[in-house]
Amino acid sequence: QVQLVESGGGLVQAGDSLTLSCAASGLTFSSYAMGWFRQAPGQEREFVAAISRSGGTTYYANSVQGRFTISRDNVKNTEYLRMNSLKPEDTAVYYCAANFAPLEYDRSRRASAYEYWGQGTQVTVSS
């Protein structure tokens, strides 16, 4: 069975850094584009970042551009999100997701484009 398991969330202060990991199993990891989404209480799930199958192309939401870095290791079957200069508005549950279709800018930003999802990890940023 396909599993995506996020880890690395926690409580940090504004300005701190945090790295999230997403361990994938049950799929051919290198055949999937990967993404990160986040959801705050009472809010819609929103796009954060996406990365192509080889890792050569990345996309970011405007709100995190320049602060967050998405990466992947196709040997370890793991996706990462390095978050720098964290702000209180970054507080949310962060989800990793797998997309079998080739990475395209418009599709990568839609949650409906992703076939598999993790359970999420909580990130809380205090002011």
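Residues numbered from 1 in each chain as written. Predicted model: local features only at pLDDT ≥ 70, side-chain atom pairs only at ≥ 80, totals over all residues. Heavy atoms only, no water.

**Focus: the nonpolar core**
Cut-off, in case you're wondering: We define a nonpolar core as any set of buried Ala, Val, Leu, Ile, Met, Phe, Trp, Tyr and Cys residues linked to one another through side-chain atoms lying within 4.5 Å. Only protein chains enter the accessibility calculation, which uses a 1.4 Å probe. A residue is then buried if its area is under 20% of the maximum for its type, exposed if over 50%, and partly exposed in between. Runs of E in the DSSP output that reach at least two residues are strands. Runs of H or I that reach at least four are helices, and both are numbered from the N terminus. Contact criterion: two residues are considered in contact whenever any of their non-hydrogen atoms come within 4.5 Å of each other.
With 37 residues, the main nonpolar core has Met34, Trp36, Val48, Phe68, Leu81, Met83 and Tyr94 as its most contacted residues. Counting only elements with at least two residues in this core, the list comes to β3 (18-25), β4 (33-39), β5 (46-51), β6 (58-60), β7 (68-73), β8 (78-83), β9 (92-99) and β11 (121-126). Residues contacting Val48, with those up to four places away along its chain left out, are Trp36, Phe37, Arg38, Tyr59, Tyr60, Ala61, Val64, Phe68, Leu81 and Tyr94.

**Comments concerning the pattern of salt bridges**
This is how the line gets drawn: The term salt bridge refers to a pairing of a side-chain nitrogen on Lys or Arg with a carboxyl oxygen on Asp or Glu at a separation within 4 Å.
Taken as a whole and judged by the stated rule, the model has three salt bridges. Measuring nitrogen to oxygen at the nearest pair gives 2.9 Å for the salt bridge that ties Asp90 to Arg38. Taken as a pair, Asp90 in the loop between β8 and β9 and Arg38 in strand β4 lie far apart in primary sequence, 52 residues in all. There is no split in this pair, since Asp90 and Arg38 are both buried. Across the pair Arg67 and Asp90 runs a salt bridge whose closest N-O atoms are separated by 2.8 Å. Residue Arg67 is located in the loop between β6 and β7, and its partner Asp90 is located in the loop between β8 and β9; the two are separated by 23 residues in the primary sequence. Look at Arg67 and you get buried, because its relative accessible area is 12%. One salt-bridge network, held together by shared partners, links Arg38, Glu46, Arg67 and Asp90.

**Comments concerning the environment of Thr124**
To be explicit about the condition: We define a polar contact as two N or O atoms separated by no more than 3.5 Å, with the added condition that, inside protein, one atom must be a possible hydrogen donor and the other a possible acceptor, whereas residues neighbouring each other in sequence contribute only through side-chain atom pairs.
Within the secondary structure, Thr124 is located in strand β11. Measuring from C-alpha to C-alpha, the distance between Thr124 and Thr78 comes to 23 Å, with 46 residues separating the pair along the chain. Setting aside anything within four residues of it in sequence, one finds Thr124 in contact with Gly10, Leu11, Val12 and Thr91. Within the structure, the side chain of Thr124 is placed 3.3 Å from the side chain of Gln122, a separation counted as a polar contact.

**Some words on the environment of Ala101**
As for its placement among the helices and strands, Ala101 is situated in the loop between β9 and α1 (105-108). Along the primary structure Ala101 and Tyr114 are separated by 13 residues, whereas in three dimensions their C-alpha atoms are 8.5 Å apart.

**Regarding the sheet that holds β7**
Cut-off, in case you're wondering: One bridge is not enough; two strands pair if DSSP finds at least two bridges between them. Geometry is summarised by axes, namely lines fitted to C-alpha atoms with helices restricted to the contacting stretch, and by angles between N-to-C directions that run from 0 to 180 degrees.
Pairing is antiparallel across the open sheet formed by four strands, whose spatial order is β1-β3-β8-β7. The open sheet has two edge strands, β1 (3-7) and β7, and neither has a second partner. The average angle at which neighbouring strand axes cross in this sheet is 15°, direction not considered. Direction of pairing for β3 relative to β8: antiparallel, over a ladder of six bridges. Bridge pairing in β8 links Ala23 to Thr78.

**A look at the packing of aromatic side chains**
Pairs of aromatic rings are described using the distance from one ring centre to the other and the angle between the two planes. To be explicit about the condition: Within 6.5 Å between ring centres, the rings of Phe, Tyr and Trp (the latter by its six-membered ring) count as paired, and their orientation is classed by plane angle as stacked under 30 degrees, edge-to-face over 60, tilted in between.
Applying the stated criterion to the full structure yields seven aromatic pairs. With 5.1 Å between their ring centres and 90° between their planes, Tyr59 and Tyr105 make a pair best called edge-to-face. Here Tyr59 is found in strand β6, whereas its partner Tyr105 is found in helix α1, with 46 residues between them in sequence. You can call Tyr105 partly exposed: its relative accessible area is 41%. Chaining the aromatic ring pairs together yields one cluster made of Phe37, Phe47, Tyr114 and Trp117.

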